[in-house]
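Reading the structure
Given next are the chains, with one letter for each unit.
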Amino acid sequence: MSASREHFSSRIGFILAAAGSAVGIGNLVGFPVNAAKNGGGAFLLMYALFVFLICLPVMIAEMAVGRNTAKEPVGAFKTLSKGSKLWGAAGFLGVLTPFMIAVFYMVITVWIFGYIALTVTGHLDYLASDVGFGEFINSPYLYIALIAVAGIVSFILAAGVKDGIEKAAKILMPALLTMLILMVVFVLSLDNAMAGVTFFLVPDINKITPSVVNGALSQAFFSLSLGMGILLTYGSYINKQTNIPNSAKLVAITDTSVAFIAGLMILPAVFSFNPEVNPSELSDSSVSLIFTFLPKIFLALQTSLGYVGASAVAAFFFLLVFFAAITSLVSIIEVPVSYLVTEKKHSRKKALGYLTLTAGVLTLFATASFGMVPFFTEFTSYAGGTKSLFDVIYDVFYDTILPLNGFLLCIFVSYRWKKKQLSEELSIGNENYKGSWVEKYINFSLGTFIPVIVLLIFINTVATKFFAANLFGF
Ligand code: PHE
């Protein structure tokens, strides 16, 4: 059981697994569209600054807490606060959040699986039709897809850290990167592709409003899988030789590069496959973009490649997104798995069994909240709108609690565990750390402006999401 903690076999294995968690649907679809609509190159620059100046210190702190304690969020917070109940509760939030986010992420991954199945079997035209997505999300076949996705994720997690998570990342991440590059080369070789590149990259500083700044920071935070206990838990599986700041930097660079490269795929594809497109049609939500807009774009390709060719390109794209989603899903479910194994002393298989069952049932309910079952579809209402169970999980955990978890982590590390301890941990595997400007920057930022900024985001989200009040004008 937890007596001897499992470990990643190598630094590169750890980096790939962490990058696998970070690279997700947000990078492949959310980022390109956000960047293109909100200032192009100017957004890109701002996003990169946020990643390195604000998110990276948080990521490093999460990994350091994990490695120091060799525990998941609950155990780690309890150990370092010498058993404080309050900090234990903060740790529990760090386990509950990933569990709930896993439910909503699972619904989307199930849909992607369904889209692969339908494009491969020749139904791209149906998915591109106006009724396609609406009917699809209410199809009972989704439950078969749910069993398949839960099966794949459990299969990977059951094999453990080294033989499951690390091995899957070592196969899926290079495959994902290769597919992404192939897709970019293909898309950029088409006519009119440059219009998309221009739309993506030309800086427009006028579009940078306070709400865009807020959006960019939130996007960077989610994209790096922060506040979900994931990097803390993965950090507990690394050995003392690993240089944490350098590894974290590589994860951040990989994540940001994938987001950037994805922009060179999505936007030129939009412009080239269908030159008639009006950029304002691009939706802000990744969900409607992937599931309703992109199938139409892929179908437009049939004039040059034929229906089979267009379907093949679409299936290839959905498979790419599926790989990205699976490695994220694995990482997020590992947090509660690790909690049940470390704190509750269950075997890994038993923990997985419980979680697959509970998360599976919740996913079932969330999947049914798009019209199938009225109780889940009209689950509650706030801020003047009816909300489905899926909306509630998304709003509460993904949008709201994540920044709160980030805030708690910064305060915990700086004022409870203390900066001196953080420095000690980070200098293991990195002799030059102490006294470096990186150390000074991390210690200063984590104790001052980073928690202030994430707290403001949290307060603003609560006000706008749940009370329809815009406190700060963004
Ligand atoms: N980083 C992921 C993304 O960009 C977000 C995520 C990670 C979501 C892990 C769930 C689990 O899509």
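Refer to the structure above for everything that follows.
Quick caveat, the model's predicted, so the values are computed rather than measured.

**Quick notes on the nonpolar core**
Core analysis: the largest hydrophobic core is formed by 176 residues, its most contacted members being Phe298 and Phe317. Leave out the neighbours within four places in its chain, and Phe317 touches Val29, Met183, Met265, Ile266, Leu294 and Phe298.

**A word on the side chain of Thr400**
For Thr400, the position within the fold is in helix H18 (residues 389-427). In this structure Thr400 comes out as buried when scored by relative accessible area, which is 5%. One polar contact links the side chain of Thr400 to the main-chain carbonyl oxygen of Asp395, over a distance of 2.6 Å. For Thr400, the contacting residues outside a window of four places in its chain are Asp395, Phe458, Thr461, Val462 and Phe466.

**Details of the pattern of salt bridges**
With the rule as written, the count across this model stands at 12 salt bridges. Here Glu425 and Arg67 are joined by a salt bridge, their closest N and O atoms 2.7 Å apart. With Glu425 in helix H18 and Arg67 in helix H3 (residues 41-69), this residue pair connects regions lying 358 residues apart in the sequence. On the basis of relative accessibility, which here comes to 3%, the residue Glu425 falls in the buried class. Of the charged contacts, one joins Glu166 and Lys170 as a salt bridge, the two residues approaching to 2.9 Å between their closest N and O atoms. Residue Glu166 and its partner Lys170 are both found in helix H9 (residues 160-188); the two are separated by four residues, about one turn of the helix. Here Glu166 falls in the buried class, since its relative accessible area comes to 1%. Judged by its relative accessible area of 36%, Lys170 is partly exposed. What emerges from the salt-bridge pattern is a single network uniting Lys387, Asp395, Asp399 and Lys465.

About the cut-offs
- Residues numbered from 1 in each chain as written.
- Predicted model: local features only at pLDDT ≥ 70, side-chain atom pairs only at ≥ 80, totals over all residues.
- Heavy atoms only, no water.
- Core = buried A, V, L, I, M, F, W, Y, C linked by side-chain atoms within 4.5 Å.
- Buried < 20%, exposed > 50% of the residue type's maximum accessible area, 1.4 Å probe, protein only.
- Contact = heavy atoms within 4.5 Å.
- Helix = DSSP H or I, 4+ residues; strand = E, 2+ residues; numbered from the N terminus.
- Polar contact = N/O pair within 3.5 Å; in protein donor to acceptor, adjacent residues only side chain to side chain.
- Salt bridge = Lys/Arg side-chain N within 4 Å of Asp/Glu carboxyl O.

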